[in-house]
Amino acid sequence: MNAEFFEALTMLEKERGLTAEYLIEKIKAAIVIAVKKDYEVEDENVLVEIDTVTGKFNVSLVRDIVEEVENPHTQLTLEEAQAIRKTYKMGQRVVTPLKTKDFGRIAAQTAKHVIRQGIREAERNQLFNDMQGKAHEIVTARVTRVDPDRGLVALDMGKGEAILPRSEQVPGEEFFEGQHVQVYVKDVVVTERGPRVIISRTSEQLVKRMFEMEVPEIFDGTVEIRAISREAGVRTKMAVWSKDENIDPVGACIGAHGARVGKIVEELHGEKIDVVRWSEDVSEFISAALSPAKVVKVEILEGDKKACRVTVPDHQLSLAIGNKGQNARLCARLTGYNIDIRPESGYYGEEEEQPAVSSEE
């Protein structure tokens, strides 16, 4: 039986990736519970020895030598003890080996349950530790299940499963079983059911991490991403800066013939990406952030809130504002300024005057 036990232990260690030490501690605890139930004793009366090196597996009852026995499972008289070994004295403890079959059916079931529970707990902890190391990173996962009714997509993360909810999916994206997709791990949290991996396809951090992986100058710190704003599936604006005056941060991100940014756009299924130059000069930064529109003038307004008035050529007004105000909205989020965009002539035509765009919108 010992050989079978240690063989099973080795298999668990290999298949589940759990250490033998952890499993042995759980098994010892389970056996103690089993013996306690069967013999009505305390923890201190149960001795479990498991040695993977020698193949030793013993379970024993520990009893005290007393004058008057109240519980035969935990106590014995000096006469009974000396029948086992003549050198025993009053107050000493006697270790009596038990046979596994003596545990009883119920006790054995209890032990199995605790062991299974321990293994599940170890697997959950292992998954948590593994995924925690991937928090705030990009992971390539495989689609295992798609629930069109609830809008949920189940993904195999390698050592566990994660759910991509509808709220974290890019509008219009379709998924199918077996498909490989890149997701951003927003967080890993512990719940009653085990670790839960929170993933996203809409986070602006997904785009940021993609650039860090694709652009060596960002990876080595020569080029820095100073700000990013995104409306998933439609457009992203990213402000970059370089401490090296000889490096063009925008050109580094775009790549020769747009190769670098093109790969990211392809992964994001055609989402437009504007890479602009960050500047300490707020007016200069806001002008760049309104790209592709040209800016005539930026006036920083006085007051507690960060606000500015931007003047653009009349024919650039629609471009500056963007479809449903998207370009102006992304610019406001990128710069942190509330932006009031006005045409150079001051005349809006037949349309109503455009309201200021808040960075919080």
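Remarks on the pattern of salt bridges
Turning to step 1, where the next piece is worked out: What the rule picks out here adds up to 21 salt bridges.
Turning to step 2, where the next piece is worked out: The partner of Asp 147 in a salt bridge is Arg 150, with the nearest N and O atoms 3.0 Å apart.
Turning to step 3, where the next piece is worked out: Residue Arg 150 is classed as exposed on the basis of its relative accessible area, which comes to 58%.
Turning to step 4, where the next piece is worked out: Between Arg 201 and Glu 267 there is a salt bridge, and its shortest N-O distance comes to 3.3 Å. Placement of Arg 201 in the loop between strand S9 (194–200) and helix H5 (204–214) and of Glu 267 in helix H8 (residues 259–267) is noted, with a sequence separation of 66 residues between them.
Turning to step 5, where the next piece is worked out: By relative accessible area, Arg 201 is classed as buried at 1%.
Turning to step 6, where the next piece is worked out: Under the relative-accessibility criterion, Glu 267 is labelled partly exposed at 26%.
Turning to step 7, where the next piece is worked out: Three or more residues are tied together by salt bridges with common partners; here these are Glu 137, Arg 209 and Glu 212.

Points about the sheet that holds strand S14 (residues 307–312)
Turning to step 1, where the next piece is worked out: Pairing is mixed in the open sheet, where three strands are placed in the order S13-S14-S15. The sheet terminates laterally at strand S13 (297–301) and strand S15 (338–343), the two strands that pair on one side only. For this sheet, the mean inter-axis angle between neighbouring strands, taken without regard to orientation, is 20°.
Turning to step 2, where the next piece is worked out: In this sheet, S15 lies alongside S14 in parallel orientation, the contact comprising six bridges. The residue of S15 that forms the bridge with Arg 309 is Asp 340.

Considerations on the sheet that holds strand S10 (residues 223–231)
Two orientations exist for strands paired in a sheet by backbone hydrogen bonds: parallel and antiparallel.
Turning to step 1, where the next piece is worked out: Read across the open sheet, the three strands follow the order S10-S11-S12; overall the sheet is mixed. For this open sheet the edge positions go to S10 and strand S12 (272–277), each flanked by a neighbour on one side alone. Here the strands of the sheet are splayed against their neighbours by 20° on average, with no regard to which way each runs.
Turning to step 2, where the next piece is worked out: H5 rests against S10, strand S11 (235–242) and S12 of the sheet, and its axis sits at about 145° to S10.

Describing the packing of helix H9 (residues 282–289) against helix H11 (residues 326–335)
Turning to step 1, where the next piece is worked out: The N-to-C vectors of H9 and H11 enclose an angle of 145°; their axes lie 9 Å apart at closest approach. Relative to H11, H9 is oriented so that their crossing is right-handed. Listed contacts from H11 to Phe 285, Ile 286 and Ala 289 of H9 are Cys 331, Leu 334 and Thr 335.
Turning to step 2, where the next piece is worked out: The class makeup of the residues in the contact of H9 with H11 is five nonpolar, one polar and no charged.

Rules and cut-offs
- Residues numbered from 1 in each chain as written.
- Predicted model: local features only at pLDDT ≥ 70, side-chain atom pairs only at ≥ 80, totals over all residues.
- Heavy atoms only, no water.
- Salt bridge = Lys/Arg side-chain N within 4 Å of Asp/Glu carboxyl O.
- Buried < 20%, exposed > 50% of the residue type's maximum accessible area, 1.4 Å probe, protein only.
- Helix = DSSP H or I, 4+ residues; strand = E, 2+ residues; numbered from the N terminus.
- Pairing = 2+ DSSP bridges.
- Axes fitted to C-alpha atoms, helices over the stretch in contact; angles between N-to-C directions.
- Contact = heavy atoms within 4.5 Å.
- Left-handed = near helix turned anticlockwise from the far one by under 90°.
- Nonpolar A, V, L, I, M, F, W, Y, C, P; charged D, E, K, R; others polar.

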